[in-house]
Amino acid sequence: MVDYLLILFVLNAIYTVLMGIGVLYSRTVIRSALFLILTLIGVANVFLFANSEFLWVIQLSVYSGGIAVLLLFAGRLTSYTEDNFEFFNSNLVMPVIVAGVLLLVLLGTLVAQIPASTGNIFTTNNGNTLLEQFFHNIWQENFGLAFILPFLSALFLAALLGSVKLAMSDDSDDYEEKPKLYPEETTT
Amino acid sequence: MIPLEYFVALSMVLFSVGILGILTQRSAVRLLFSIELILNSANINFVAFNSYLRSTAASNAAVSDQYLGWAFAMIVVAIAAAEAAIALAIFISLYRNFGEISVLDIFSLAENTEVD
Amino acid sequence: MASPVNPFLSGTFNILGIQITIPDVVAIALGTFLLANYIMINQLIMPYVERKVMARQQGRRGPVYVGWRGILQIPADLLKLVLKEDTMPKTADSLGFFMAIFFIGVSSIMAFVPLPFANGVLGADLTIGVLYVFAIFSIVPPAMFIGGWASNSKYALIGGFRAAGQLLAYEIPMFISVLGVIAIVNSFSLNDIALYQMHAGWFLFSGFGIGGLIAAFVFYIAGLAETERVPFDIPEAEAELVMGPRTEFSGWRYALIMMTEYVHLTVNSLLFIFLFFGGFDFWPFGNAIYNFNGGVIFTWPTWLYELRSNLWIQFITVTVKAYFFIYVATTFRTAFPRMRIDQLLSFGWKQLLLASIFGSFIMIWSTGVLG
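Residues numbered from 1 in each chain as written. Chains lettered and ligands numbered in written order. Predicted model: local features only at pLDDT ≥ 70, side-chain atom pairs only at ≥ 80, totals over all residues. Heavy atoms only, no water.

(A) Spotlight on the overall build of chain C. Within chain C, the regular secondary structure consists of 15 helices and two strands. Radius of gyration (C-alpha) of chain C: 22 Å, near the 21 Å computed for a compact globule of 371 residues. Here the C-alpha coordinates of chain C stretch approximately 70 × 60 × 40 Å along the principal axes. Per-residue burial over chain C gives 54% buried out of 371 residues. (Helix = DSSP H or I, 4+ residues; strand = E, 2+ residues; numbered from the N terminus. Rg over C-alpha atoms; globule rule 2.2 N^0.38 Å. Buried < 20%, exposed > 50% of the residue type's maximum accessible area, 1.4 Å probe, protein only.)

(B) The overall build of chain B, seen in detail. Looking only at helices and strands, one finds four helices and zero strands in chain B. Listed by position from the N terminus, the elements making up chain B come as α-α-α-α. Within chain B, the proportion of its 116 residues that are buried is 57%. Counted over contacts in chain B with a minimum sequence separation of 6, partners at least 24 positions apart contribute 56%. Approximately 4700 Å² of chain B is accessible, and the part contributed by carbon and sulfur atoms is 62%. (Contact = heavy atoms within 4.5 Å. Areas by Shrake-Rupley, 256 points an atom, 1.4 Å probe, with all protein chains shown as cover.)

(C) Broad picture of the interface of chain C and chain A. Each side of the interface is counted separately: chain C has 28 residues, and chain A has 23 residues. Between chain C and chain A lies a buried interface of about 2300 Å² when both sides are counted; carbon and sulfur atoms form 84% of it. Applying the counting criterion to the chain C and chain A interface returns zero salt bridges. At the junction of chain C and chain A, the tally comes to one residue pair in polar contact (both at pLDDT 80 or more). Breaking the side of chain C that touches chain A down by element, the ones donating at least two residues are α2 (24-43), α5 (94-110), α6 (129-137), α7 (140-150) and α8 (154-185) of chain C. Classifying every residue of the side of chain C that touches chain A gives 22 nonpolar, four polar and two charged. (Buried area = accessible area lost by both parts, 1.4 Å probe. Salt bridge = Lys/Arg side-chain N within 4 Å of Asp/Glu carboxyl O. Polar contact = N/O pair within 3.5 Å; in protein donor to acceptor, adjacent residues only side chain to side chain. Nonpolar A, V, L, I, M, F, W, Y, C, P; charged D, E, K, R; others polar.)

(D) Up close: the side chain of Glu226 of chain C. Residues and elements named next belong to chain C. Structurally, Glu226 can be placed in helix α10 (residues 211-226). Take Glu226: its relative accessible area is 12%, and that puts it in the buried class. Setting aside its immediate chain neighbours within four residues, Glu226 contacts Leu167, Tyr170, Glu171, Met174 and Asn268.

(E) Expanded view of the packing of helix α3 (residues 53-77) of chain A against α8 of chain C. As a packed pair, α3 of chain A and α8 of chain C sit with axes 11 Å apart at the nearest point and diverge in direction by 150°. Between α3 of chain A and α8 of chain C, the crossing angle belongs to the class labelled roughly antiparallel. Note that α3 of chain A runs across α8 of chain C; the crossing there is left-handed. Within the contact between the two elements, α3 of chain A uses Ser61, Gly65, Gly66, Val69, Phe73, Arg76 and Leu77 of chain A and α8 of chain C uses Leu157, Phe161, Ala164, Leu168 and Phe175 of chain C. Here the residues of the contact of α3 of chain A with α8 of chain C sort into eight nonpolar, three polar and one charged. (Axes fitted to C-alpha atoms, helices over the stretch in contact; angles between N-to-C directions. Parallel < 35°, antiparallel > 145°, perpendicular 65-115°, else oblique. Left-handed = near helix turned anticlockwise from the far one by under 90°.)

(F) A look at the environment of Val47 of chain B. When you line up the elements, Val47 of chain B lands in helix α2 (residues 28-55). Not counting residues up to four positions away in its chain, the partners in contact with Val47 of chain B are Phe47, Ala50, Ser52 and Leu55 of chain A together with Ala73 of chain B.

(G) Spatial organisation of the pattern of salt bridges. Residue and element names in this part refer to chain C. A complete count under the given rule lists five salt bridges over all chains for this structure. Salt-bridge contacts for Glu50 lead to Arg333; the nearest nitrogen and oxygen are separated by 2.8 Å. Of this pair, Glu50 sits in helix α3 (residues 46-57) while Arg333 sits in helix α14 (residues 311-335), and the two are 283 residues apart along the sequence. Residue Arg333 is classed as partly exposed on the basis of its relative accessible area, which comes to 31%.

(H) Spatial organisation of a nonpolar patch on the surface. A grouping of Tyr4, Leu5, Ile7, Leu8 and Leu11 of chain A together with Val25, Val26, Leu30, Phe33 and Leu34 of chain C is seen on the molecular surface, where their side chains present a nonpolar patch of about 880 Å² in accessible area. Of all the elements in the fold, those that place two or more residues in the nonpolar patch are α1 (4-24) of chain A together with α2 of chain C. As for its position among the elements, Ile7 of chain A is in helix α1. (Patch = residues over 30% accessible without salt bridge, like charges linked within 9 Å, V, L, I, M, F, W, Y side chains within 5 Å.)

(I) Summary view of unusual backbone geometry. Residues and elements named next belong to chain C. In this structure, Arg69 is a non-glycine residue whose phi angle is positive, near 55°. Along the polypeptide, Arg69 turns up in the loop between α3 and α4 (73-83). Overall, the relative accessible area of 54% leaves Arg69 in the exposed class. Phi angles above zero are rare outside glycine, and Asn152 is one such case at about 60°. Mapped onto the elements, Asn152 comes out in the loop between α7 and α8. Taking the relative accessible area as the measure of exposure, Asn152 reaches 47% and is therefore partly exposed.

(J) Just the packing of aromatic side chains, in detail. Residues and elements named next belong to chain C. The tally for this structure, following the rule as stated, stands at 32 aromatic pairs over all chains. A centroid spacing of 5.2 Å and a plane angle of 50° characterise the contact between Phe272 and Phe277, whose relative ring orientation is tilted. For Phe272, a relative accessible area of 5% puts it in the buried group. Of the residues examined, Phe277 reaches a relative accessible area of 17% and is grouped as buried. Each member of the aromatic cluster is reached from another via a ring pair, and the members are Trp202, Phe219, Tyr220, Phe272, Phe276, Phe277, Phe324, Phe325, Phe332 and Phe336. (Phe/Tyr/Trp six-rings, centres within 6.5 Å; stacked < 30°, edge-to-face > 60°.)

(K) Region of interest: the confidence of the model for chain C. Across chain C, the average pLDDT comes to 81, with 90% of residues at or above 70. In the predicted complex, the global pTM is 0.80; the interface-specific ipTM is 0.83. (pLDDT = per-residue confidence, 0-100.)

(L) Molecular detail of the nonpolar core. The biggest cluster of nonpolar side chains holds 152 residues, and the ones touching the most others in it are Trp56 of chain A, Phe7 of chain B together with Phe219, Leu270, Leu275 and Phe276 of chain C. It is helix α2 (residues 29-49) of chain A that provides the largest number of residues to this core, a total of 15 residues. Ignoring any residue separated from it by four or fewer positions in sequence, one finds Phe276 of chain C in contact with Ser177, Val181, Gln197, Trp202, Phe203, Leu204, Gly212, Ala215, Ala216, Phe219 and Met363 of chain C. (Core = buried A, V, L, I, M, F, W, Y, C linked by side-chain atoms within 4.5 Å.)

(M) Quick peek at the packing of α2 of chain A against α7 of chain C. Interaxial distance between α2 of chain A and α7 of chain C falls to 11 Å at its minimum, and their mutual angle equals 155°. Relative to α7 of chain C, the element α2 of chain A is oriented roughly antiparallel. Both α2 of chain A and α7 of chain C take part in a crossing whose hand is left-handed. Contacts between α2 of chain A and α7 of chain C pair Ile30, Arg31, Leu34 and Ile37 of chain A from the former with Pro142, Phe145, Ile146 and Trp149 of chain C from the latter.

(N) Structural context of the side chain of Glu261 of chain C. Residue and element names in this part refer to chain C. Here Glu261 lies in helix α12 (residues 252-276). Owing to a relative accessible area of 17%, Glu261 belongs among the buried residues under this scheme. Non-local contacts of Glu261, meaning those with residues more than four positions away in its chain, are made with Glu236 and Arg246.

(O) Geometry of the environment of Ala71 of chain B. Mapped onto the secondary structure, Ala71 of chain B falls in helix α4 (residues 68-98). For the pair Ala71 of chain B and Phe46 of chain B, spaced 25 residues apart in sequence, the C-alpha to C-alpha distance is 9.2 Å.

(P) Structural detail: the confidence of the model for chain B. Confidence in the prediction of chain B, expressed as mean pLDDT, is 77, and 72% of residues score 70 or more. Mean pLDDT values for the elements of chain B range from 58 in helix α3 (residues 63-66) of chain B up to 85 in α2 of chain B.

This is the structure we're talking about:
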């Protein structure tokens, strides 16, 4: 019996990683945003494999529908001239390779620490799972799960207001030659 | 059901790709993209561990506990949205003041030293 | 998440003497294939209906030459477009130029999975139902933007900016106007929502006769803006921007995009029908008339219920309703002038958002879910 779900998962994982590499090494910023959207879709499909179809919806409609448009605007509104920085000829290449190998070794050993997927790997002494205990003690009792969505809404509203304030132009500094709509002295 | 290791391995590789991007890219927009990749790899872990715990250990837990991983993933998505909005605003005002958004060429406090 | 097609297929193979279990993925794909083909064949008739109706309203005759009263005009147009030369601007970004078409085309086909055509006849009864369609369609704004950017033309780029801004502004009122329906039915599945309306009457008349109307109005307006129909066809304002983000697409790409527009219109009409207009039920008043405490005042006769439960009558009802909303959209196209982009954005963010919140709240409040 071929586990076609596993095959699909591996194909999707390869696709996701390839598109993620495409984000870094594509010619223009908009292309790299396109690759980012494709990566986000791949990650959304990973959520489907983890039985979290609601998060699939969130990921698609908020991330690759809403945030991606913001990122596309960011790439397009700032006409960035591509630098001729050649990564493989610079003196960054050795540190990056060493850091990457170290990171992969570190994370790989962490992944290897996971025992075979049977039984509960996070059990603590009193029978609760570690994550459960953590959330009970720190998250739920102090903040309460019900406050997540209002908290997020307030945070998002604050961020949007702040970004609008940031992006608004100070008319005095940049556009001094801009004609005034309502001249102050109209007596002559 | 797909083993947990597969999810964690995918998350690991995606995280490494994001770190690589942060180390090598010069454009601020692409740095933001790399950060999004890292956030997504964290999200994969949240969702995978949540699904795993739901199926094995915490099946007798309360419903709100079984979906804590989802709550965290949603927090990550909302933070990413706020971050993207603020970053867009910062990029636009950077571009207005400096005429470019390559992070190595933007100095206002330091002397114009050569960095490579 | 088993597909309704699965028992049918398994039964067929059992008759042939083959014991086989079909994976859900294959069954869902087959069911979607059949239903989507039904829709796609209808796509050849809907533009014809629109052109004919619009011509009559403007005092013209519309297509007359190809086939009986010009009924073969659309297939002939499509054939011509497919056979035409496929041109691409020299400076265009080839990847973006291709991917935009790919996104837009695929998303329109994928949206048919949770849409039922009769009780239980659907690609897959997903747990996320309505949200699935929204999620699939939310890929379209960035795809439009990328398509406009990749064409490397000023009209296409401006159109892409407009399309992305407009679609974002109208997604949120659309989401919120559905909230009331979902909270009442307590399910995302369109089949469940339609069954609830068969029992309790259309959602259009719920919420003291006001809330449902407001929510339905917001949903329909937002749907028109999502599909970029007149009076919201600002991204492709013909007099200003040639064709907006679609300017540089020609040949089969243009054919695919035109088909996609009608598919979007159809899917939005079907969603509207299923959320507020009773879905596959032609009778607006439910099984009985209830008083405010839920007690039965008057029950409709049983032969009516049996008629409403007939699968073929439900199927025909859905089709007729879909064509009715094509007619309504066509009338809008003849009757209304185009809005300006700033009017449109402020209308979406300021008025429609408030109205959708009010409508959903009144709907939820009227059914006593809030307690």
